[in-house]
Amino acid sequence: MKTLAVLALLLLACRVSAASPVDALKELSDSWVKLRADMTALQSLTQEQAAKLEEQEAKLKGQQTEIEELKEVSPSLSLSGNHVAFSASLVATGDQTLGPFPGHTPLVFKHVVTNIGNAYSPVTGAFTAPLKGAYHFEWHVIGSGGRTGAVLVKNSKDVFSSIETQKSPRYNSASQGASLLLEAGDVVSVRLWAGATVYDNTGRYTTFSGHLLFTV
């Protein structure tokens, strides 16, 4: 850039060599001032373009990072496409009775037999919708007498309930189903009804299941 400036000044000097010294000096000075202004503007434009390029590169890296994180969180979902289904029972081994508790208590169904899409968590007992669509859920609970029951919960709000009360000490059961329109990220779970008990063993009587009907 400096070389171009020197050449421009030399050409200008040749052109005005026939002029008076005062006029020639003034013309050279004005041209030098204009040339410096042009060079400053060009340098500023180059810096602005470099800043924009860095900004675009940073955005691209951020998008690549998000893609990699999504692949790590749900690798099987990318393989299964729009196929989402799960089914689980309350206990993994042995037998267990839960309750009664003073309030609705989350149930964690630990024995997973199907989990296409990995949308159900056997750690929290919650299903998280990976896609917007219509889903169908079913839950079945049994108790060892007295009251048994459970409620389907969507994003901390009760949806449908199933309750059975029996005075005899024999086993009692309650079942229910529901189809829900979910947004991606909505959470669905089952809670033990307040004051009720629930029982399960390796016969897999107390269960929670769901699947995607169709996307919308």
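Small disclaimer: the values here were computed from a predicted structure and weren't measured.

### Some thoughts on the overall build of the protein chain
The number of helices and strands found in the protein chain is three helices and twelve strands. Of all 216 residues assigned to the protein chain, the portion counted as buried reaches 29%. Restricting to contacts in the protein chain with at least 6 residues of sequence separation, those with at least 24 account for 72%. Working note: accessible area of the protein chain is about 13400 Å², and carbon and sulfur atoms make up 59% of it.

### A few points about the side chain of Thr-148
The topology assignment puts Thr-148 in strand β7 (residues 146-154). Side-chain polar atoms of Thr-148 contact the backbone oxygen of Thr-197, separated by 2.7 Å. With sequence-adjacent residues up to four places away left out, Thr-148 is seen in contact with Val-141, Ile-142, Gly-143, Ser-162, Ile-163, Glu-164, Asn-172, Ser-173, Ala-174, Ala-196, Thr-197 and Val-198.

### Comments concerning the pattern of salt bridges
In total, this model carries one salt bridge according to the counting rule given. The salt bridge involving Lys-132 is made with Glu-183; its shortest N-O contact spans 3.6 Å. One end of the pair, Lys-132, is in the loop between β5 (127-128) and β6 (133-143); the other, Glu-183, is in the loop between β9 (172-182) and β10 (187-192), and 51 residues separate them in sequence. Assessed through its relative accessible area of 37%, Lys-132 is described here as partly exposed.

### Side note on the nonpolar core
Counting residues in hydrophobic clusters, the biggest one holds 28 residues, and the most contacted among them are Phe-127, Phe-137, Leu-152 and Phe-208. Contributing elements (two or more residues each) for this core: β1 (85-89), β6, β7, β9, β10 and β12 (207-215).

### Description of the confidence of the model for the protein chain
Predicted coordinates in regions of low pLDDT should not be interpreted in detail. Scored by pLDDT, the protein chain has a mean of 83; 79% of the residues are at 70 or more. Here residues 75-79 is modelled with pLDDT under 50, and outside its nearest four sequence neighbours on either side it reaches five contacts, counting other chains as well.

Criteria and cut-off values
Here, residues in each chain are numbered from 1, in the same order as that chain's written sequence. pLDDT decides what is reported in this predicted model: residues at 70 or higher carry local features, side-chain atom pairs at 80 or more are listed and counted, and totals for whole chains, interfaces and linings draw on all residues regardless. Remark: hydrogens and water are excluded; side-chain values derive from all non-hydrogen atoms of the structure. Note on conventions: DSSP H or I runs of at least 4 residues are helices, E runs of at least 2 residues are strands, and numbering of each starts at the N terminus. The classification of residues rests on relative accessible area computed with a 1.4 Å probe and restricted to protein chains. Under 20% of the type maximum is buried, over 50% is exposed, and intermediate values are partly exposed. By definition, residues are in contact when any of their heavy atoms lie within 4.5 Å. All accessible areas in this document rest on Shrake-Rupley with a 1.4 Å probe, and a residue is counted as covered only by the protein chains that are shown. Here a polar contact is taken to be a pair of N or O atoms separated by no more than 3.5 Å, where protein atoms must pair a possible hydrogen donor with a possible acceptor and residues adjacent in sequence count only if both atoms sit in side chains. The rule for a salt bridge is simple: a side-chain nitrogen of Lys or Arg has to be within 4 Å of a carboxyl oxygen of Asp or Glu. To define a nonpolar core, start from buried Ala, Val, Leu, Ile, Met, Phe, Trp, Tyr and Cys residues and group those joined through side-chain atoms within 4.5 Å. Residue-level confidence of the predictor, termed pLDDT, takes values from 0 up to 100.

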